[in-house]
Amino acid sequence: TSGATVFSKPGNDQVSIIDIETDPGNPKIVAELPLTNSVFGPPTNLAITPDASLALVANAMAWTHNGTKWAANPDDRIHLIQLDATPPKSIGTVQVGKQPSGLSINREGNLALVANRGDNSISVLSIVGSAVTLIDTIDMGEQVAHVTFTPNGRRALAVKFASHKVAILDVDGQKVTDTKQDIPVGLWPYNIVVSPNGRLALTADNGNAGVSDGHVDTVSVIDLEATPPRAIDRIVVGDAPEGLAISPTGKIAVAILLRGSGGVSEDAWFTHSEGSVVVLKLDGKKVSKIGEVEVGRMPEGAVFSRDGSYLYVGNFNDDDISILRVNDTQVHNTGKRIKLSGSPASMRGIF
């Protein structure tokens, strides 16, 4: 109730693999694997190859026991999960930088980038089948929370959390280079996505270094077709956007608001019993807020179905996933939820 963080004994983490392809309106959990993980960082610390054969899961923190308390310290591992095995299975780890957080895989499925918050770097990973190899490390000079590819794979964008900027990376085969052309965005950008046509990028500007504070925050809009790319708008969305996703249709994006629904004192003036999903319409390069839908407590991760007809939002404090129906640009909560055996800190899908 005080809002203070107390770490419990580790050992109960797992990854849930959920089928949203067979019947998007009625997802089914197909496998659950024990896997060391944490809630540290944006809800994008895992990614799936386009052929759905392999998943990478970043382990941001390791745990040490200090007297009667547990403490979190930066880890440096990426878990590898073979999804096309029956049943899916963990097949090892690869070592990267300190406190690996947001990560992404390109559309070819042969390259991954990992934002390492603990040592201000981005790891470059080669993917060949189920073999994943660290091939380069890029010094970013400051903390990066998440990194994502553009659809054509020739660029990547990384959010610089503390300086409120987006870094542009050139990608030439397996060579990744920081262009040093940073774009200023809103306060404390935590997450970034790119539209399916590659014309726009959006950032979730958390506003308070990762937690709610009751004040409004923004989503920044970046024009990727401009030379050089530049911020062209900021949309006020509400308190503490963290999760962020764009529909595969390219018609809408959603910003997931913590909105004081978890991680803060229960008697704070800005607490709410639910978080919410802000719906943003994409019309060319014009982005506008067109709706807001309540979900569960402390929502973070968000995933669209492959055809964009459903949206799934992980409610960390409720141990479940809300199922929302999408009709063109309209989004409504079906009231149906997928019950989980633990708190969903991160979610990723493929399309």
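This text follows the structure it describes.
Residues numbered from 1 in each chain as written. Predicted model: local features only at pLDDT ≥ 70, side-chain atom pairs only at ≥ 80, totals over all residues. Heavy atoms only, no water.

Visitor: Sorry if this is basic, but what is going on with the overall build of the protein here?
Guide: Each helix and strand counted, the protein has zero helices and 27 strands in total. Relative to a compact globule of 351 residues, whose C-alpha radius of gyration would be 20 Å, the protein shows 19 Å and is just as compact. On the principal axes, the C-alpha backbone points of the protein span a range of 55 × 45 × 40 Å. Expressed as a percentage of its 351 residues, the buried residues of the protein come to 54%. Of the contacts formed within the protein by residues at least 6 apart in sequence, a portion of 47% connects residues at least 24 apart. (Helix = DSSP H or I, 4+ residues; strand = E, 2+ residues; numbered from the N terminus. Rg over C-alpha atoms; globule rule 2.2 N^0.38 Å. Buried < 20%, exposed > 50% of the residue type's maximum accessible area, 1.4 Å probe, protein only. Contact = heavy atoms within 4.5 Å.)

Visitor: Help me out: how do you make sense of the pattern of salt bridges in this one?
Guide: For side chains bearing opposite charge, pairing can occur when the charged atoms are close. Evaluated as defined, the whole model comprises 15 salt bridges. In this structure, Lys180 engages Asp178 in a salt bridge whose closest nitrogen and oxygen atoms are separated by 3.6 Å. Exposure remark for Lys180: the relative accessible area of 61% places this residue in the exposed category. Asp318 is paired through a salt bridge with Arg297; the nearest N and O atoms lie 2.6 Å apart. In this pair, Asp318 sits in the loop between β25 (310-315) and β26 (320-327) while Arg297 sits in the loop between β23 (286-294) and β24 (299-304), placing the two residues 21 residues apart along the sequence. Looking at Asp318, the relative accessible area reads 16%, which means it is buried. One connected set of salt bridges, linked through shared partners, spans Arg199, Asp223, Glu225 and Lys285. (Salt bridge = Lys/Arg side-chain N within 4 Å of Asp/Glu carboxyl O.)

Visitor: Whenever I open this one, the sheet that holds strand β7 (residues 100-105) confuses me. Can you help?
Guide: Two pairing modes exist for strands in a sheet, parallel and antiparallel, and in both the strands are linked by backbone hydrogen bonds. Within the open sheet, the four strands sit side by side as β7-β8-β9-β10. Their pairing is antiparallel. Strands at the two margins of the open sheet, each flanked by one partner only, are β7 and β10 (131-139). Ignoring which end each strand starts from, the neighbouring axes of this sheet average 25 degrees apart. Where strand β8 (residues 111-116) and strand β9 (residues 121-128) come together, six bridges link them in antiparallel fashion. Counterpart to Asn116 in the pairing with β9 is Ser121. (Pairing = 2+ DSSP bridges. Axes fitted to C-alpha atoms, helices over the stretch in contact; angles between N-to-C directions.)

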